[in-house]
Amino acid sequence: MTSAAAEGQVCPPRVYSHSRVQLFRFSAVSWNSHRIHYDAEFAASEGFPDVVVQSTLHGETLSRYALQWAGPGARLESVSWRNRATAVAGEKLTWTATVRTTEPCDEGVRVTLDVSVLKDDGAPCVTGQVGLTRA
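Going along each chain's sequence as written, the residues are numbered from 1 onward. Whole-chain, interface and lining totals are the exception, using all residues; otherwise, since this is a predicted model, local features are given only for residues with pLDDT of at least 70 and side-chain atom pairs are given and counted only at 80 or more. Side-chain measures were taken over the full set of non-hydrogen atoms in the model, leaving aside hydrogen atoms and water.

### Concerning the side chain of E91
The test is simple: Labels follow the DSSP assignment, with helices taken as runs of H or I lasting at least four residues and strands as runs of E lasting at least two, numbered in each case from the N terminus. Under the scheme applied here, a residue whose accessible area is under 20% of the maximum for its type counts as buried, over 50% as exposed, and between as partly exposed, the area being computed with a 1.4 Å probe on protein chains only. Here a polar contact means two N or O atoms within 3.5 Å. Within protein one must be a hydrogen donor candidate and the other an acceptor candidate, and residues neighboring in sequence count only if both atoms are side-chain atoms. The contact criterion used throughout is that any non-hydrogen atoms of two residues lie within 4.5 Å.
As for its placement among the helices and strands, E91 is situated in the loop between β2 (75–83) and β3 (93–105). Classification of E91 as buried rests on a relative accessible area of 18%. Of note is the side chain of E91, whose polar atom sits 3.0 Å from the backbone nitrogen of V88. Those residues within four positions of E91 in sequence are excluded, and the remaining contacts are Y16, S17, T86 and K119.

See below:
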């Protein structure tokens, strides 16, 4: 992040995908035992083309990329999101964000980002907001 984020500033997008191994591991550490997140055969029996990305992993991704954008010393204040569509292992996803608000605070500057995860066709998979502070 530059020293002064401006309202309306668009953050550089981040393109990524989640592997089956990553989804299995995230299920393990988050105690999520639903088989659609780690068993491809079971996910297929439920109508999915592959194992399904956990909603909480979307929240983690929104937060992690926002903090990376903000730079060293940034601190997460809040994160909220809504799942709009299902994503599966190996699917190309793009994190996007736009600065909604900035305001001075005791810790430096408080920034609110409107964030999205877009599917390859541009349709929203996840939408939400991330609040953070930066010294």
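### Topic: the packing of aromatic side chains
The condition is simple: Only rings of Phe, Tyr and Trp enter the pairing, Trp through its six-membered ring, and a pair is recorded when the two centres are within 6.5 Å. The plane angle decides the type: under 30 degrees is stacked, over 60 is edge-to-face, the rest tilted. Any Lys NZ or Arg CZ that is within 6 Å of a ring centre and within 35 degrees of that ring's normal is treated as a charge sitting over the ring.
Going through the model one piece at a time under the given rule, you end up with three aromatic pairs. An angle of 80° between the planes, with centres 6.2 Å apart, marks the rings of F24 and Y38 as edge-to-face. Pair noted here: F24 is in helix α1 (residues 20–29) and Y38 is in the loop between α1 and α2 (40–45), with a separation of 14 residues, a long-range link. The partly exposed category is assigned to Y38, whose relative accessible area is 34%. These aromatic residues form a ring-pair network of at least three members: Y16, Y65 and W95. Over the ring of Y65 we find R64; its NZ or CZ atom is 4.9 Å from the centre of that ring.

### A word on the state of the cysteines
Two cysteines, two sulfur atoms, one covalent bond between them: this is a disulfide. We count it as follows: We call a pair of cysteine sulfur atoms a disulfide when they lie within 2.5 Å.
On inspection of all chains with the given rule, the structure shows zero disulfides. C105 provides the cysteine sulfur closest to C11, a residue in no disulfide bond, and the two sulfurs are 17 Å apart. Note on C11: relative accessible area 2%, which makes it buried. Classification of C105 as buried rests on a relative accessible area of 18%.

### Things to note about the nonpolar core
Selection rule: To qualify as a nonpolar core, a set must consist of buried Ala, Val, Leu, Ile, Met, Phe, Trp, Tyr and Cys residues joined through side-chain atoms within 4.5 Å.
Judged by nonpolar contacts, the single largest core of 27 residues is most densely connected at L62, W69, W95, L113, V115, V117 and L132. Taken together, the elements giving at least two residues each to this core come down to α1, α3 (55–70), β3, β4 (108–119) and β5 (124–134). Per element, the largest residue contribution to this core is six residues, and it comes from α3. Apart from residues lying up to four places away in sequence, L132 is in contact with A66, A70, R75, L76, E77, V109, R110, V111 and L113.

### Describing the sheet that holds β4
Inclusion rule: Think of it this way: DSSP has to see at least two bridges between two strands before they count as a pair. All axes are obtained by fitting lines to C-alpha atoms, using only the stretch in contact for helices, and the reported angles, taken between N-to-C directions, cover 0 to 180 degrees.
Reading across from one edge, β1-β3-β4-β5-β2 is the order of the five strands in this open sheet, with antiparallel pairing throughout. The open sheet is flanked by β1 (14–16) and β2, the only strands paired with a single partner. Taking the axes of each pair of neighbouring strands and ignoring which way they run, one obtains an average angle of 20° across the sheet. The pairing of β2 with β5 spans eight bridges and is classified as antiparallel. Among the inter-strand pairings, R75 is bridged to a residue of β5, identified as T133. Strands in contact with α3 are β1, β2, β3, β4 and β5; relative to β2, the strand with the most contacts, it is inclined by about 140°.

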